[in-house]
Structure formats: C-alpha cells, structure tokens
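Residue-level structure breakdown
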Amino acid sequence: MNHDAYPDSYIADILRSTHSIAMVGASANEVRPSFFVLKYLKLRGYEMFPINPGLAGKTILDLPVHASLADLPGPVDMVDIFRNSEAAAAVVDEALALPVPPKVIWMQLTVRNDAAAAKAEAAGIKVVMNRCPKIEYGRLSGEIGWAGVNSRALSSKRATRDPRGFQRLGLRD
C-alpha cells in the first residue's frame, strides 16, 4: 500500500465496513481533537471505545474509558491512534496481541510509523496513516461541503435527520 496517497475507494470501504472503533489517546478535554473526533464518530453511529490509562474507569461522552486495548469487552473493527508516531508502534503491537485483532489500524494526522504499518499489514490488517477518519468521513459523505470546503464529491443525495433532529449525510445510506 502506498501510504502517501490513498484511493477514495480504500478509505470509503474502511469507513463503511467499520462498526466499532477503539480510540487510543481519547481525551475528556472538549477542545482536544480526540474529543471532537470521538463525538463526531459516535454521532455517525460508530460504537466507540475510548482508551486512556489516566482516565480509566471514568467516562467520556457517557462512554466508559478503558486503560488499554486488552481491557476492551470484545473485538473492535478499528484502532484509531491519537498518540505520537513513536508510540504508534507499541499500540500496533498491543492490537496484534489481542485475541481477535482489528481489521484496521488508523493513525491520526501527523502520526506515521512505517515499521508499525508494515507489521500490521503483514498480519493482514489494513493501515491508514496521517489521516483523520472524521475529516475523511465528512469529505467522502459531502458533509464537509456544508462548511464551504470543497470535498471533491458531488451528490444529489438528500440529507437525512437523525432522531435528535440533526441533519447529516452518511456513507452507509
């Protein structure tokens, strides 16, 4: 996989097939990117599992925080890494040690560890580096266009309202 440029189909397939996400480095601080990415993905229907050893036993957005991937109640489809590039290697090792490894390892913006990516890919896991699933979801669904950003995607699809009355587009609609 060329980790410098991902085809839209690769990213969209991951976002469509993913249902549960463990976010390593989740924060309870509402101004941190990991908080609003967690909130956004939760609102889009993903089952979210915040991972932060310093907040273990507490909650973020009414979700129980786990100390590590090993503490998860069951398998997850994706591990989203909100840690620095060096720490990504240990997170990938922890993910590979799970009884059921994730299908995807996603490293957030500015996070890139080619050795860890190669290890995950050798185990049959898809890898995305230096991208944000919130941004990619918004771009591919067309939602990001509502803010005046060119998403490079045109759609005649009508936005739907979720039960809370929020208008949204989706990749799964």
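What counts, and where the lines are drawn
- Residues numbered from 1 in each chain as written.
- Predicted model: local features only at pLDDT ≥ 70, side-chain atom pairs only at ≥ 80, totals over all residues.
- Heavy atoms only, no water.
- Buried < 20%, exposed > 50% of the residue type's maximum accessible area, 1.4 Å probe, protein only.
- Helix = DSSP H or I, 4+ residues; strand = E, 2+ residues; numbered from the N terminus.
- Pairing = 2+ DSSP bridges.
- Axes fitted to C-alpha atoms, helices over the stretch in contact; angles between N-to-C directions.
- Parallel < 35°, antiparallel > 145°, perpendicular 65-115°, else oblique.
- Left-handed = near helix turned anticlockwise from the far one by under 90°.
- Contact = heavy atoms within 4.5 Å.
- Nonpolar A, V, L, I, M, F, W, Y, C, P; charged D, E, K, R; others polar.
- Core = buried A, V, L, I, M, F, W, Y, C linked by side-chain atoms within 4.5 Å.
- Arc of directions from axis to C-beta.
- Polar contact = N/O pair within 3.5 Å; in protein donor to acceptor, adjacent residues only side chain to side chain.
- Phe/Tyr/Trp six-rings, centres within 6.5 Å; stacked < 30°, edge-to-face > 60°.
- Lys NZ or Arg CZ within 6 Å of the ring centre and 35° of its normal.

For the protein chain, the name recorded in an unreviewed UniProt entry is CoA-binding protein, with Labrys monachus as its organism.

**Observations regarding the pairing of strand E5 (residues 78-81)**
What you see with E5 is no split at all: Met78 and Asp80 on one side and Val79 and Ile81 on the other are buried throughout. As paired strands, E5 and strand E6 (residues 104-107) are joined by four bridges and run parallel to one another. In the sheet register, Met78 faces E6, and the bridge partner there is Val104.

**What to know about the packing of helix H3 (residues 85-96) against helix H4 (residues 114-122)**
Running from amino to carboxyl end, H3 crosses H4 at an angle of 15°, the nearest separation of the two axes being 8 Å. With respect to each other, H3 and H4 are oriented roughly parallel. In the crossing of H3 with H4, the sense of the turn from one axis to the other is left-handed. Contacts between H3 and H4 involve Ala88, Ala89, Val92, Asp93 and Leu96 on the former and, on the latter, Ala116, Lys119 and Ala120. Among the residues making up the contact of H3 with H4, the classes are represented as six nonpolar, no polar and two charged.

**Digging into the nonpolar core**
Leu69, Val79, Ile105 and Met107 are the most contacted members of the largest nonpolar core, which totals 51 residues. Excluding its chain neighbours within four sequence positions, the residues that come into contact with Val79 are Ala22, Val24, Leu69, Val91, Ala95, Pro102, Val104, Ile105 and Trp106.

**Brief notes about H4**
Regarding H4, the residues found buried are Ala116, Ala117 and Ala120. Projected down its long axis, H4 shows its buried positions confined to an angular sector of 100°, all on one face. Turned more than 90 degrees off the buried face of H4, the exposed positions are Ala115 and Ala122. Elements in contact with the buried residues of H4: H3, E6 and strand E7 (126-128). Residue Asn113 occupies the N-cap position of H4, its side-chain oxygen lying 3.3 Å from the main-chain nitrogen of Ala115.

**So, the sheet that holds strand E1 (residues 20-24)**
On the basis of which strands lie adjacent, the open sheet formed by five strands has the order E2-E1-E5-E6-E7 and parallel pairing. The open sheet has two edge strands with one neighbour each: strand E2 (47-51) and E7. The mean angle between the axes of side-by-side strands here comes to 15°, regardless of whether they run parallel or antiparallel. Bridging between E1 and E5 involves four bridges; their strand directions are parallel. Bridge pairing in E5 places Ile21 opposite Met78. Relative to E5, H3 is tilted by about 165°, and along the sheet it contacts E1, E5 and E6.

**Description of the packing of helix H1 (residues 8-17) against helix H5 (residues 133-141)**
With their axes 10 Å apart at the nearest point, H1 and H5 run at an angle of 105° to one another. Compared by their axis directions, H1 and H5 come out roughly perpendicular. Between H1 and H5, the residues in contact are Asp8, Ile11, Ala12 and Leu15 and Pro133, Glu136, Tyr137, Arg139 and Leu140, respectively.

**A closer look at the environment of Ala5**
Of note, Ala5 is situated in the segment before H1. Residue Ala5 is classed as partly exposed on the basis of its relative accessible area of 42%. Distance in space between the C-alpha atoms of Ala5 and Met129 is 9.8 Å, their sequence separation being 124 residues.

**What to know about the packing of aromatic side chains**
Applying the stated criterion to the full structure yields three aromatic pairs. When the centroid spacing of 5.9 Å and the interplanar angle of 80° are considered together, the rings of Tyr40 and Tyr137 count as edge-to-face. Of this pair, Tyr40 sits in helix H2 (residues 33-43) while Tyr137 sits in helix H5, and the two are 97 residues apart along the sequence. Consider the rings of Tyr46 and Tyr137, whose centres lie 6.2 Å apart with planes at 80°: the pair is edge-to-face. Of this pair, Tyr46 sits in the loop between H2 and E2 while Tyr137 sits in helix H5, and the two are 91 residues apart along the sequence. Accessibility expressed as a relative area gives 3% for Tyr46, which makes it buried. These aromatic residues form a ring-pair network of at least three members: Tyr40, Tyr46 and Tyr137. Positioned over the ring face of Tyr40 is Arg44, at 4.0 Å from the centre of the ring. Seen from the ring of Tyr40, Lys134 lies directly overhead, with NZ or CZ sitting 4.9 Å from the centre.

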